[in-house]
Amino acid sequence: MTTHRRPGQMVWTDQPIRDLDAEDLAACVALAESRDWQPEHHKWRLLLTAGTGYGIDDPAGGFAGVVVCTRFGAALAGIGMMLVAAQHERQGIGGHLIRHVIANAGSDTIWLTATGYGRPLYERLGFRAVDTCTQYVGEFDGDGSPVRSRPVTPKDVPAIEAMDADEFGGDRADLLRGIPEFADQFRLVDGPAGPSGFGAAWRSTDNTIIGPVVADDIDTARVLLADLAAGVTGPVRLDLLGSRPAQFGWAEARGLRPVGTTTVMIIGPDLPGDRQRLFNPFMVAMG
């Protein structure tokens, strides 16, 4: 893409990119709000703690652009919260930030979800589409089935970590250990030799997101989704993968409706792990 600049206009691709820390939380939220994103302090706080945020300072104040990279060992990293200030769009900032992430991720495969607006940029940088992710939102209408899951206890966590590592293909142990503090609910379904599934629900600004959900089969995943949703007051959100189309009808039958779809994209080798038991991401900003 050719970037057209006016005489004297700043060349953003020459500007330094710096690591972000907790003190940058307010400025990240302000940039998000300026782009009509929800002011998700809770989510930003987790991402800036679990991952590495990168930003380009705007001399006029705040950020010209930010992005967050969450690393899961040498095999996988996730990119999320890619934002460019409206007054600096189409000046090369997004590409400058993503190239910096690719160069510094230290992981074989990098994953993200792209909006229709952002997808052409990622394709130019070498990302390829591997799936879709559709957001379903609404008041969950349960079927009155008895609760079959239970709250996770500290003694369950090692088995959950082992199950997740096999499926996800990267090390999410720190994130999983932090779920009790971050999320409103953390539940599992017992199997004959350990958990047959686990899931969490956490509060966003205007709904409750259910994820991650990892389960041995679709029936167990639906038990977790229904049990977690039953504990929510207000709308819930499910991020459903296009590779599991049966989940769309199930969600719609329970009162949820699609509100948007992003494209799951990667650069590098195929996504690691088995992934047959991965039903819902933790959040689309990190997988």
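Here's what I pulled together on the structure shown here.

Cut-off values and rules
- Residues numbered from 1 in each chain as written.
- Predicted model: local features only at pLDDT ≥ 70, side-chain atom pairs only at ≥ 80, totals over all residues.
- Heavy atoms only, no water.
- Helix = DSSP H or I, 4+ residues; strand = E, 2+ residues; numbered from the N terminus.
- Contact = heavy atoms within 4.5 Å.
- Core = buried A, V, L, I, M, F, W, Y, C linked by side-chain atoms within 4.5 Å.
- Buried < 20%, exposed > 50% of the residue type's maximum accessible area, 1.4 Å probe, protein only.
- Arc of directions from axis to C-beta.
- Phe/Tyr/Trp six-rings, centres within 6.5 Å; stacked < 30°, edge-to-face > 60°.

Mapped onto the elements, L20 comes out in the loop between β1 (18-19) and α1 (25-34). Considering only alpha carbons, one finds L20 and V66, 46 residues apart in sequence, at a separation of 8.9 Å. Apart from residues no more than four positions distant in its own chain, L20 is found in contact with C28, L48, G53, Y54, G55, F63 and V66.

Turning to the nonpolar core, a few remarks are in order. Of all hydrophobic cores here, the largest spans 45 residues; its most connected members are W44, V66, F198, F282, M283 and M286. In this structure, M286 is in contact with L46, L47, T70, F72, W111, F168 and L175, ignoring residues within four places of it in sequence. I93, I98, Y122 and L125 belong to the second largest nonpolar core, which has 24 residues in total.

All of the buried residues along helix α8 (residues 246-253) are Q247, W250 and A251. Seen from one end, α8 has its buried residues packed into an arc of 95 degrees, which puts them on one side. Elements that come into contact with the buried residues of α8 comprise β6 (128-138), α7 (218-230), β11 (236-241) and β13 (278-280). Positive backbone phi, at 95 degrees, marks G255, one or two positions downstream of α8.

Applying the stated criterion across every chain, the model contains seven aromatic pairs. Between the aromatic rings of F182 and W202, the centroid separation amounts to 5.1 Å while the plane-to-plane angle is 45 degrees, which identifies the pairing as tilted. On the criterion of sequence distance, the pair formed by F182 in helix α6 (residues 173-182) and W202 in strand β9 (residues 194-203) is long-range, its members being 20 residues apart. Residue F182 shares its accessibility class with W202, and that shared class is buried. Summarising the aromatic geometry, the rings of F186 and F198 are spaced 6.4 Å apart at their centres and angled 80 degrees between planes, so their arrangement reads as edge-to-face. Placement of F186 in strand β8 (residues 185-191) and of F198 in strand β9 is noted, with a sequence separation of twelve residues between them.

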